[in-house]
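Fold and contact review
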2 protein chains.
Amino acid sequence: MNEKNVSCCPVERLLGVVSGQWTAYLLWVLHQNGPQRFGALQKLIPGISTKVLTERLRMLEASGLLLREQAATIPPQVTYSLTPRGLELRALMDGLGDVARRWDAEGWRPPVR
Amino acid sequence: MNEKNVSCCPVERLLGVVSGQWTAYLLWVLHQNGPQRFGALQKLIPGISTKVLTERLRMLEASGLLLREQAATIPPQVTYSLTPRGLELRALMDGLGDVARRWDAEGWRPPVR
DNA sequence: CTGGATCCCTCAGGATACTG
DNA sequence: CAGTATCCTGAGGGATCCAG
């Protein structure tokens with residue numbers, strides 16, 4: 001979040017990992033659709049660049065939320081899945097989806113900046 | 001989140017509002033401490049600049065999550081509180097805090113980028 | 001297919017000074 | 001007290017090309 005994720009506050013630390021662009025959405029997609037391959041994620045997240053997708057996956061892997069499994073085949077088969085720790089976000093993700101859909105149904109729209 | 005918050009996906013739309021730097025933390029602070037004045041928020045969120053705090057408050061107000069009340073006194077008294085819609089995030093905020101504290105107690109630390 | 005490597009560029013966000 | 005008004009920087013992110 002702020003400086004180098006060396007915040008003293010647990011909430012800030014967690015948010016620091018999850019609040020990058022696409023990050024929360026990426027996690028949400030994985031919660032909704034289960035383990036996915038790189039290409040599949042690109043299709044599930046229209047508009048994300050390979051660079052950013054790679055960065056996010058690496059960072060979430062380093063955070064212990066994501067598992068990267070590479071099959072030694074040609075062409076390579078790489079699958080990303082949530083670790084047990086990643087799965088602990090399940091309730092949060094569900095809650096997020098619930099609120100989002102409810103507000104959407106109520107006609108709520110964010111400001112147009 | 002991505003372009004101009006004109007995403008088709010409800011989840012993306014909600015995240016677009018909440019995912020700016022400090023934003024989620026600001027909401028969390030308001031949930032934890034109740035209505036606060038500008039100066040109090042600055043103290044509760046060490047490191048945030050007046051500019052960014054102002055921006056976030058304005059954007060959340062425009063989103064209907066926050067209420068801004070100004071007393072016509074001198075010096076001015078401005079209080080920010082969560083609207084009913086903002087309060088609907090309560091469960092999410094609590095869940096966030098729970099996970100953050102638990103992981104923290106487990107010794108979890110984000111990667112040092 | 002799954003990325004790594006580059007280049008480029010915008011703009012979010014920080015710092016500072018000033019005002020009603 | 002509660003903000004505006006500027007200026008400026010850097011890093012986040014897009015596009016493209018290349019490689020194992």
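- As annotated in an unreviewed UniProt entry, chain A carries the name Helix-turn-helix transcriptional regulator and comes from Paracoccus aurantiacus.

**Some words on the relation of the copies chain B and chain A**
- Of the two same-sequence chains, chain B is brought onto chain A (RMSD 0.1 Å, axial shift 0.0 Å) by a rotation of 180°. Here the copies are linked by what is in effect a two-fold axis.
- Looking at chain B, 100% of its interface residues are interface residues in chain A too, so the copies touch through the same face.

**A word on the sheet that holds strand S1 (residues 36–37) of chain B**
All names here are of chain B.
- Pairing within the open sheet is antiparallel, and its three strands lie in the order S1-S3-S2. With one partner strand each, in any of the chains shown, S1 and strand S2 (66–71) form the two edges of the open sheet.
- Sheet topology note: the S2/strand S3 (residues 77–82) ladder contains six bridges and is antiparallel. Opposite leucine 66, over in S3, you have leucine 82 as the bridge partner.

**Focus on the pairing of strand S3 (residues 77–82) of chain A**
All names here are of chain A.
- Bridging between strand S1 (residues 36–37) and S3 involves two bridges; their strand directions are antiparallel. Paired with glutamine 36 across the strands is tyrosine 80, a residue of S3.
- Taking the residues between adjacent antiparallel strands as the criterion, strand S2 (residues 66–71) and S3 are bridged by five residues.

**What about the protein's contact with DNA strand D?**
- Taken together, 20 residues lie near DNA strand D, and Gln21, Lys51 and Arg56 of chain A together with Arg58 and Arg68 of chain B sit nearest.
- The sugar-phosphate backbone supplies 67% of the atoms of DNA strand D found within 4 Å of the protein.
- At 3.1 Å, a backbone N or O of glycine 39 of chain B approaches a phosphate oxygen of DNA strand D.
- One of the backbone nitrogen or oxygen atoms of valine 78 of chain B is found 3.4 Å away from a phosphate oxygen of DNA strand D.
- Counting only elements with at least two residues in the surface near DNA strand D, the list comes to helix H4 (50–62) of chain A together with helix H3 (38–44), helix H4 (50–62) and S3 of chain B.
- Of the residues in the surface near DNA strand D, the class split is eight nonpolar, six polar and six charged.

**Brief notes about the environment of glutamate 106 of chain B**
- Here glutamate 106 of chain B shows up in the segment after helix H6 (90–105).
- The spatial distance from the C-alpha of glutamate 106 of chain B to the C-alpha of glycine 20 of chain B is 27 Å, given a sequence separation of 86 residues.

**As for the protein's contact with DNA strand C**
- Taken together, the neighbourhood of DNA strand C is formed by 19 residues, with Arg58, Arg68 and Tyr80 of chain A together with Lys51 and Arg56 of chain B sitting nearest.
- By atom count, sugar and phosphate contribute 71% of the portion of DNA strand C lying within 4 Å of the protein.
- Glycine 39 of chain A places a main-chain nitrogen or oxygen 3.0 Å from a phosphate oxygen of DNA strand C.
- Broken down by element, the residue count for the surface near DNA strand C peaks at four residues, all from H4 of chain A.
- In terms of residue class, the surface near DNA strand C is built from eight nonpolar, five polar and six charged.

**A closer look at the interface of chain B and chain A**
- The partner chain A presents 42 residues to the 42 residues of chain B that form the contact.
- Across the interface of chain B and chain A, roughly 4300 Å² is buried in total on both sides, 68% from carbon and sulfur atoms.
- Summed over the shared surface of chain B and chain A, the result is six salt bridges.
- For glutamate 88 of chain A, the salt bridge identified is with arginine 102 of chain B, shortest N-O distance 2.4 Å.
- Between the two partners, chain B and chain A, sit ten residue pairs in polar contact (both at pLDDT 80 or more).

Here is what the cut-offs are and how they apply
- Residues numbered from 1 in each chain as written.
- Chains lettered and ligands numbered in written order.
- Predicted model: local features only at pLDDT ≥ 70, side-chain atom pairs only at ≥ 80, totals over all residues.
- Heavy atoms only, no water.
- Least-squares fit on C-alpha atoms with pLDDT ≥ 70 in both.
- Contact = heavy atoms within 4.5 Å.
- Pairing = 2+ DSSP bridges.
- Helix = DSSP H or I, 4+ residues; strand = E, 2+ residues; numbered from the N terminus.
- Near = heavy atom within 4 Å.
- Polar contact = N/O pair within 3.5 Å; in protein donor to acceptor, adjacent residues only side chain to side chain.
- Nonpolar A, V, L, I, M, F, W, Y, C, P; charged D, E, K, R; others polar.
- Buried area = accessible area lost by both parts, 1.4 Å probe.
- Salt bridge = Lys/Arg side-chain N within 4 Å of Asp/Glu carboxyl O.

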